[in-house]
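Geometric and topological summary
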Amino acid sequence: MNIPSKDQFSRIFELISEFDHKRESELPEAIRALRDQGEPTEVVTYLRLNYSLAAAPEFELLPGERIADRYTIEGMIGAGGMGIVYRAKQDRTQRDVALKLVHPRLSTPELLGRFEEEIVTLGKLDHPGIVHIFDADKHGDSVFFTMQLVDGQPLHRYLREHTLTRHQKLDLIIRIADAVQAAHDRGIIHRDLKPANILIDNTSGHPVILDFGLATLAGALLADDDQQITGLSGTPNYMSPEQFLGTAGEFGAGQSIDVYALGVIAFEILAGHSPY
């Protein structure tokens, strides 16, 4: 897919500002309507990427279904670029977990190898602000991994529904930054930091970051009609210029990608709106 033109970038950010006021359930239909109205392919594709909307998955697990002889599906939590997330129970421990079933289109040998490497690395992360990875295995033509089940809501929704003091906002930013730094200290980069990937725990009120290191895999899934996006991972509103233009490697960018996104998130927490 071609990089959008300057005018298309302006249109993308205009629509993002408009869509941020919509309910999540309204977004898929709103984006389909744009496509039907003749919006350029580049604009529609980047909006789908911004809101983690992939093509409809061709697989689904039902409540009561058994996975890898040790997990029982209890219900669906949500769907995104990588696949579908379910609430499940581990048989032996009776522990409630979030089980992410990765889309079969990610099941090429190369991508599976990258997936297994990421899971091993992520399993070693131990920080209260980063969701814990417990297990990974295969299910049919797909792979899955289980992680800590966080009873919470995405950061952007939390900010809309709660009036925070300046001190509370700064505390949120500090906790998110501390979690990001802990991952960077282990050489792990998120690549898709955004409010939707940060849950606020309903019990502690503290932020927990999801999907560390997995954004590059999600980027391989997103498609618009028959056109596959390759080599791009991230969410436009939170991507650094070099990441957006696909030139991050030229500048040796790594941790700076997350730092840029963190700056945008911090601005939104403090100001109540996007800097763009």
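Residues numbered from 1 in each chain as written. Predicted model: local features only at pLDDT ≥ 70, side-chain atom pairs only at ≥ 80, totals over all residues. Heavy atoms only, no water.

Attention now moves to the packing of aromatic side chains. Both the distance between ring centres and the angle between the ring planes are used here to describe each pair of aromatic rings. Overall, the coordinates contain one aromatic pair when judged by the stated rule. Measuring from centroid to centroid gives 6.0 Å for Tyr 71 and Phe 144, while their planes differ by 80 degrees, and the two rings are edge-to-face. With Tyr 71 in strand E2 (residues 71-79) and Phe 144 in strand E6 (residues 142-148), this pair connects stretches of sequence that are 73 residues apart. Each member of the pair, Tyr 71 as well as Phe 144, is classed as buried. Here the guanidinium or amino end of Arg 95 rests over the ring plane of Phe 134, the centre of that ring lying 3.9 Å away. (Phe/Tyr/Trp six-rings, centres within 6.5 Å; stacked < 30°, edge-to-face > 60°. Helix = DSSP H or I, 4+ residues; strand = E, 2+ residues; numbered from the N terminus. Buried < 20%, exposed > 50% of the residue type's maximum accessible area, 1.4 Å probe, protein only. Lys NZ or Arg CZ within 6 Å of the ring centre and 35° of its normal.)

Attention shifts here to the pattern of salt bridges. The tally for this structure, following the rule as stated, stands at ten salt bridges. Note that Asp 96 and Lys 89 form a salt bridge whose closest N and O atoms lie 2.8 Å from each other. Salt bridges here are not isolated pairs; linked through shared partners, they connect Glu 74, Arg 87, Lys 89 and Asp 96. (Salt bridge = Lys/Arg side-chain N within 4 Å of Asp/Glu carboxyl O.)

Applying the stated criterion to the full structure yields one cavity of 30 Å³ or more. For the largest cavity, the lining is made up of ten residues, of which Leu 122, Ile 130, Val 131, Ile 133 and Phe 212 are closest to its centre. Its residues placed into classes, the lining of the largest cavity shows eight nonpolar, one polar and one charged. (1 Å grid on protein atoms, 1.4 Å probe; cavity = no way out; pocket = protein on both sides within 12 Å on 5 of 7 lines; lining within 4 Å. Points joined across faces, edges and corners; volume = space filled by probe spheres on them. Nonpolar A, V, L, I, M, F, W, Y, C, P; charged D, E, K, R; others polar.)

Moving on, we get to the nonpolar core. Judged by nonpolar contacts, the single largest core of 38 residues is most densely connected at Met 147, Leu 155, Ile 176, Ile 209, Phe 212 and Ile 265. Of all the elements in the fold, those that place two or more residues in this core are strand E4 (96-102), helix H4 (109-122), E6, helix H5 (155-161), helix H6 (166-185), strand E8 (198-201), strand E9 (207-209) and helix H9 (255-271). Excluding its chain neighbours within four sequence positions, the residues that come into contact with Ile 176 are Leu 155, Ile 198, Pro 207, Ile 209, Leu 262 and Ile 269. One finds Leu 15, Leu 34, Tyr 46 and Leu 47 within the second-largest nonpolar core, a separate group that totals twelve residues. (Core = buried A, V, L, I, M, F, W, Y, C linked by side-chain atoms within 4.5 Å. Contact = heavy atoms within 4.5 Å.)

For the rest of this paragraph, the subject is unusual backbone geometry. Phi is positive for Ala 68, which is not a glycine, with a value near 55 degrees. According to the relative accessible area criterion, Ala 68 is partly exposed, its value standing at 25%. A positive phi angle, near 80 degrees, is found at Arg 191, a position not held by glycine. With respect to the helices and strands, Arg 191 occurs in the loop between H6 and E8. For Arg 191, a relative accessible area of 27% translates into the label partly exposed.

Of the residues in the protein chain, 73% have a pLDDT of 70 or more, and the chain-wide mean is 78. The low-confidence segment residues 53-58, where pLDDT is below 50, has 14 contacts with residues more than four positions distant or belonging to other chains. Across residues 218-232, confidence stays below pLDDT 50; counting only partners more than four residues off in sequence or on other chains, it has 41 contacts. (pLDDT = per-residue confidence, 0-100.)

When you tally the buried positions in E4, you get six out of seven residues, the bulk of the element. Here strand E3 (residues 83-90) pairs with E4 via seven bridges, running antiparallel. Among the inter-strand pairings, Ala 88 is bridged to a residue of E4, identified as Val 97. In textbook terms, the turn of a hairpin is the stretch between consecutive antiparallel strands, and for E3 and E4 this stretch comprises five residues, one of which, Gln 94, has a positive phi near 60 degrees. As paired strands, E4 and E6 are joined by five bridges and run antiparallel to one another. Looking at the pairing, Val 97 lines up with Gln 148 of E6. (Pairing = 2+ DSSP bridges.)

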